[in-house]
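Examination of the molecular architecture
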Amino acid sequence: MRYSQAFIHTLFEAPKEAETPSHIFLLRGSFVYPIAAGLYSLMPLGHRAVEKIKRIIREELDAIGGLEVTMPVVNPAELWKKTGRYFHIGDELIRFKDRRDRQFVLAMTHEEVVTDIAKQFVRSYRDLPVMLYQIQTKIRDEARPRAGLLRVREFQMKDAYSFHPDFNDLDVYYPKIYNAYLRIFARCGLKSTPIEADSGIMGGSGSHEFMLESVNGEDHFVLCPGCGYAANTEKAVGMKPERTPSTQSPAREKVHTPGVKTIADLAGFFDAPQESFLKTVAYVADENLVFAVVRGDFNVSATKLGAYLKAVHLDYAPEKILSGKGLNGGFLSPVGIKGVRIVCDSAITESALYIAGANEPDMHLKNVLPGRDFELKESADIVEVREGDRCAVCGKADLELRRGIELGHTFKLGVKYTAPESMDVTYLDGAGEPNRVVMGCYGIGVERLLASIIEKWHDESGMRLPASIAPYQIILSQLGNQPEVVAMAERIYSKFGPVWELLFDDRSESPGVKLKDADLLGIPVRLVVSRKLEKSGDVEIKIRQTGEVRICPEKDIEATLEAIFRELEPSMENLPYMDEKA
RNA sequence: CGGGGCGUAGCGCAGCCUGGUAGCGCACCUGCCUUGGGAGCAGGGGGCCGGAGGUUCAAAUCCUCUCGCCCCGACCA
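Below is a summary of the structure that appears in this document. (Residues numbered from 1 in each chain as written. Chains lettered and ligands numbered in written order. Predicted model: local features only at pLDDT ≥ 70, side-chain atom pairs only at ≥ 80, totals over all residues. Heavy atoms only, no water.)

Our focus in this paragraph is the protein's contact with RNA strand B. Near RNA strand B there are 41 residues, and of these Arg140, Arg151, Asn481, Asp519 and Leu533 occur at the shortest range. Close to the protein, within 4 Å, the atoms of RNA strand B are drawn from sugar and phosphate at a rate of 47%. In the environment of RNA strand B, a phosphate oxygen lies 3.2 Å from a nitrogen or oxygen atom belonging to the backbone of Ala147. Taking Asn481, its side chain carries an N or O atom lying 2.5 Å from a base oxygen of RNA strand B. Of all the secondary structure elements, the ones that give two or more residues to the surface near RNA strand B are helix H12 (511-521), strand S29 (525-530) and strand S30 (538-543). (Near = heavy atom within 4 Å. Polar contact = N/O pair within 3.5 Å; in protein donor to acceptor, adjacent residues only side chain to side chain. Helix = DSSP H or I, 4+ residues; strand = E, 2+ residues; numbered from the N terminus.)

What follows is about the packing of helix H1 (residues 21-28) against helix H10 (residues 446-456). The description of two packed helices rests on the angle between their axes and on the distance between the axes. Running from amino to carboxyl end, H1 crosses H10 at an angle of 105°, the nearest separation of the two axes being 8 Å. Compared by their axis directions, H1 and H10 come out roughly perpendicular. On H10, the residues that touch Pro21, Ser22, His23, Phe25 and Leu26 of H1 are Leu450, Ala451, Ile454 and Glu455. (Axes fitted to C-alpha atoms, helices over the stretch in contact; angles between N-to-C directions. Parallel < 35°, antiparallel > 145°, perpendicular 65-115°, else oblique. Contact = heavy atoms within 4.5 Å.)

Moving on, we get to helix H6 (residues 167-187). Counted at 1.5 Å a residue, the expected span for H6 with its 21 residues is 30 Å, and the 30 Å between its end C-alpha atoms agrees. In terms of burial, H6 is largely enclosed, as 15 of its 21 residues are buried. Once H6 ends, the next one or two residues include Gly189, with phi positive near 85°. (Expected span 1.5 Å × (residues − 1). Buried < 20%, exposed > 50% of the residue type's maximum accessible area, 1.4 Å probe, protein only.)

Our next topic: the pairing of strand S17 (residues 341-345). Summarising burial for S17: four of the five residues are buried, a large majority. Note that strand S15 (residues 288-295) and S17 share four bridges and pair parallel. Bridge pairing in S17 links Val290 to Arg341. The pairing of S17 with strand S20 (residues 378-380) spans three bridges and is classified as parallel. Bridged to Asp345 within S20 is Ala380. (Pairing = 2+ DSSP bridges.)

What follows concerns the pairing of strand S28 (residues 502-505). The alternating pattern of S28 places Leu502 and Phe504 on one face and Leu503 and Asp505 on the opposite face, and all of these are buried. Note that strand S27 (residues 474-479) and S28 share four bridges and pair parallel. What sits directly across from Ile475, in S28, is Leu503. One crossover worth recording links S27 to the parallel S28 by way of helix H11 (residues 483-496), and it is right-handed. (Right-handed = clockwise from strand over helix to strand, strands pointing away.)

Counted according to the given criterion, the structure contains 33 salt bridges. A salt bridge links Lys54 to Glu51; its shortest N-O distance comes to 3.0 Å. On the criterion of helical spacing, the pair formed by Lys54 and Glu51 is a turn pair, its members being three residues apart in helix H2 (residues 44-63). Across the salt bridge formed by Arg507 and Asp517, the nearest N and O atoms sit 3.0 Å from each other. With Arg507 in the loop between S28 and H12 and Asp517 in helix H12, the pair connects residues that are ten residues apart, well separated along the chain. (Salt bridge = Lys/Arg side-chain N within 4 Å of Asp/Glu carboxyl O.)

Remember, this is a structural readout, not a statement about activity or role.
Right, here's the structure in full:
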């Protein structure tokens, strides 16, 4: 392809809305073009790169028996009402009516549609297991799109769904997907870290997120340097250092604390460590008032609390509700409260004294003893893990907090969508008995993966794309327009253009422009033809990833390129594979 | 949805405070010239100053309201 015909329009300066490297270089390289917040066109270069990613995904999923399908993006609302998601999901799900006033949604995933397919066609155990996948547009009306392609409202997603005769079969299949994910990301040039994720109703180790460590990521996870335990902070559990038990049990005592509300201020006021306070946070869980009580040195994890309560909606209690009960934020307490469900964190025990709110303005209580002064009825892990907490798995090392981009998610769904109250999908086993189909689902955001690759692979000049992803493998830069130089460049182009993905920069631009553009676009190998090189019959070959430069006679180009691309192949060894059962 | 910032040519910006016929750099078009790190000279095209109201003889500039975009937070099946 000739550069002059390739519809490439690079920008010298990045549009000011771009702040993260991937966003800046995707715009500057004319890989993408924005049309509204979180909505992008993929321009020819971006399109080619995305197609490369999709090909890798297809190869790896086909290798484990996946079957690609295409499903409608417009779904009847009826289907989504069956599974209940029509009601549970908020404004992120776009709902609309057609000309005949029928309700529809724009699919943000395809569990409903694919499960409907399974319901229709899976009748016998002979049809199982089966894995269907799609690489298609998904629509999510995100509250806040950000960072270019990292979080958008319309995007291509690879979604895979596996159907199994029982949980055991799902457990057998799961490592295949898990390992395919590791290979997919490795082939894209990324080291992914699988972490345990919040798996909601399933519990256990039924869900993994594949993270790319990145300062521009929006997800947090913890990593144990001792045992390798890695988990989303929404799920991660750390050990909670015990307080020294109190030997006495003095009566509780009311203290005037005018305007002192935060734990930090209280710690100063009482001259006591933060862990000696009870922090009471009021939530409304599905319309019921709940007090979450945690030790002062911890923060409530809304995710964990919500999971414990099995709440569909969980939010901070509005001031109105509290004042309606004569309560006052900042002085809340589990002591002496009636008609409110109280959930305490597991770190709170009956063996130590605390300072707590008094449920009246400007007052706190000293010498509060859990169990004596309030009932310690419900206790669960409801706090956010902290950097430096001792790992609860190995108990030997302290957890480190990391930031990352979620590249993919694997999830043992179980019977959430096949249950009688949902889509109700069964098959007949060998004995002719009906059995419930068990599901897994597995997603990868395709454009996000491209952005992640650039987050990982760039320098100040531009992208440094892995050969597996780059829209073109080679850029041939002709510097100078002397007849001999042109002839040599054309000769090389006509020879290699048909066999390699080669972009021939035939523009009559100055050398500086051509070289800068080559760097910006991140093409893995740059071939330069110039007057000086032409005289000795050589070309220059530069590898973008490493910066290595080789001078090579024209006749040796082919062999040299082949050797270089072999070297650029990513290694599939030493990935943290999950054991595959027989 | 809360907090903050920004809308002037394709991109980056000045002009606004102190109203008076819209400018700079890059990009783009023509010609000459040049070719190893974003050249040079000459000529040229392109803007309803986000939109709507208002104040004024006169509004990019002042006032009101809106819409859009970005960042932080909340949210994220």
